[in-house]
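Structural characterization, general
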Amino acid sequence: MEALPKALEADERSPESKDLLPSQTASSLCISSRSESVWTTTPRSNWEIYRKPIVIMSVGGAILLFGVVITCLAYTLDLGEKSQAVLRMMGPAFLSLGLMMLVCGLVWVPIIKKKQKQRQKSVFFQSLKSFFLNR
C-alpha cells in the first residue's frame, strides 16, 4: 500500500480552505462596514445628508411635469394616428415614473431624519458607557 502524504503544502490546499483563513488585519472590519459614518466623528452638512433625496425628488418632479405635458399634448393636438397612440402611451408612463420617484424622495427624508436621531442617541449612550466604565 502507498503511504499517505503527511501534510498538504500551502499551494496544494483547496480554495475552500483558503477562504476560511482568518484575515490578517483587524481594520478590515471598519473598511467593510456599511455605515462608515459611525466610525467617523466629523459632522456632515445638511447638503451632504439630504443630497440624494433632493436629487431624486427633483428628477421625479421633472419627469412628472414632462408626463403631464405629453399627456396634455396627446389629448389636445390633432396629430396622426400613430403619433397620438405613442403619446397616449408615453404620457401616463412618464406620469407614473415621475410620481414614483417623487414619492420615493419624499419618503426618504423622514427615514434619514429618524436615522440621525438614532445616531445621536447611540453616540450619547456610548459616551455614557465609556464614562462609567473608565472610572
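Each chain has its residues counted from 1, following the order in which its sequence is written. Per-residue local features of the predicted model are confined to residues with pLDDT of at least 70, and side-chain atom pairs are confined, for both listing and counting, to 80 or more; whole-chain, interface and lining totals are unaffected and use all residues. The side-chain values count all of the structure's non-hydrogen atoms but skip hydrogen atoms and water molecules.

For the rest of this paragraph, the subject is the overall build of the protein. A tally of helices and strands in the protein yields 4 helices and 0 strands. Ordering the α and β elements of the protein from the N terminus gives α-α-α-α. The rule is simple: take the accessible area with a 1.4 Å probe, protein chains only, and divide by the maximum for that residue type; under 20% is buried, over 50% is exposed, in between is partly exposed. Within the protein, the proportion of its 135 residues that are buried is 13%. It only takes one pair of heavy atoms within 4.5 Å for two residues to be counted as in contact. Counting only contacts in the protein whose residues sit at least 6 apart along the sequence, the fraction spanning at least 24 positions is 71%. Numbering of helices and strands runs from the N terminus, with a helix taken as a DSSP run of H or I at least four residues long and a strand as a DSSP run of E at least two residues long.

One finds Ile-49, Tyr-50, Met-57, Val-109 and Ile-112 forming the largest nonpolar core, which totals 5 residues. Of all elements in the fold, only helix H3 (46–76) and helix H4 (81–133) reach the threshold of two or more residues within this core. For this core, the element with the most residues is H3, which contributes 3 residues. Each residue touching Ile-49, except ones within four places of it in the same chain, is listed here: Arg-44, Ile-112 and Gln-116. To define a nonpolar core, start from buried Ala, Val, Leu, Ile, Met, Phe, Trp, Tyr and Cys residues and group those joined through side-chain atoms within 4.5 Å.

Secondary-structure assignment places Thr-71 in helix H3. Contact partners of Thr-71, with chain neighbours within four places excluded, come to Gly-91, Pro-92 and Leu-95.

The N-to-C vectors of H3 and H4 enclose an angle of 160 degrees; their axes lie 7 Å apart at closest approach. Classed by the angle they form, the pair H3 and H4 counts as roughly antiparallel. Here H3 runs over H4; the crossing is left-handed. For this scheme, ten residues count as nonpolar: Ala, Val, Leu, Ile, Met, Phe, Trp, Tyr, Cys and Pro. Four count as charged, namely Asp, Glu, Lys and Arg, and the remainder, Gly too, count as polar. For the contact of H3 with H4, the per-class residue count stands at 26 nonpolar, 9 polar and 3 charged. Angles shown run from 0 to 180 degrees and are taken between the N-to-C directions of axes, each axis being a line fitted to C-alpha atoms and, for helices, limited to the stretch in contact. With respect to orientation, any angle under 35 degrees is reported as roughly parallel, any angle over 145 as roughly antiparallel, any angle of 65 to 115 as roughly perpendicular, and every other angle as oblique. Take the far helix as your reference; a near helix turned counterclockwise from it by less than a right angle gives a left-handed crossing, and one turned clockwise gives a right-handed crossing.

Between 30 and 60 degrees the pair is tilted, below 30 it is stacked and above 60 it is edge-to-face, where a pair is any two Phe, Tyr or Trp rings, Trp via its six-membered ring, whose centres lie within 6.5 Å. Tallied over the full model, the rule gives 1 aromatic pair. Judged by centre distance (5.0 Å) and plane angle (80 degrees), the rings of Phe-66 and Phe-94 are edge-to-face. Here Phe-94 lies in helix H4 and Phe-66 lies in helix H3, a separation of 28 residues in the sequence.

In this section: the side chain of Gln-84. Relative to the helices and strands, Gln-84 is located in helix H4. We classify Gln-84 as buried; its relative accessible area is 15%. Contacts described as polar in this section are N or O atom pairs within 3.5 Å, which, within protein, must combine one atom able to donate a hydrogen with one able to accept it, while residues neighboring in sequence count only if both atoms come from side chains. Polar contacts involving the side chain of Gln-84 include one to the main-chain carbonyl oxygen of Ala-74, which spans 3.4 Å. When near neighbours in sequence (up to four residues on either side) are disregarded, Gln-84 contacts Ala-74, Leu-77 and Leu-79.

Time to look at H4. Residue count minus one, scaled by 1.5 Å, sets the expected span of a helix. Taking 1.5 Å per residue, 53 residues should reach 78 Å; H4 reaches 77 Å between its end C-alpha atoms and fits that length. Residues of H4 that are buried include every one of Gln-84, Gly-91, Gly-98, Met-101, Gly-105, Val-109 and Ile-112, and no others.

This paragraph deals with the confidence of the model for the protein. Overall, the predicted model of the protein reaches an average pLDDT of 77, with 69% of residues at or above 70. Per-residue confidence from the predictor is reported as pLDDT, a score between 0 and 100. Ranking the elements of the protein by mean pLDDT puts helix H2 (residues 28–32) last with 46 and H3 first with 93. The low-confidence segment residues 26–33 (pLDDT under 50) makes 4 contacts with residues lying over four places distant or belonging to another chain.

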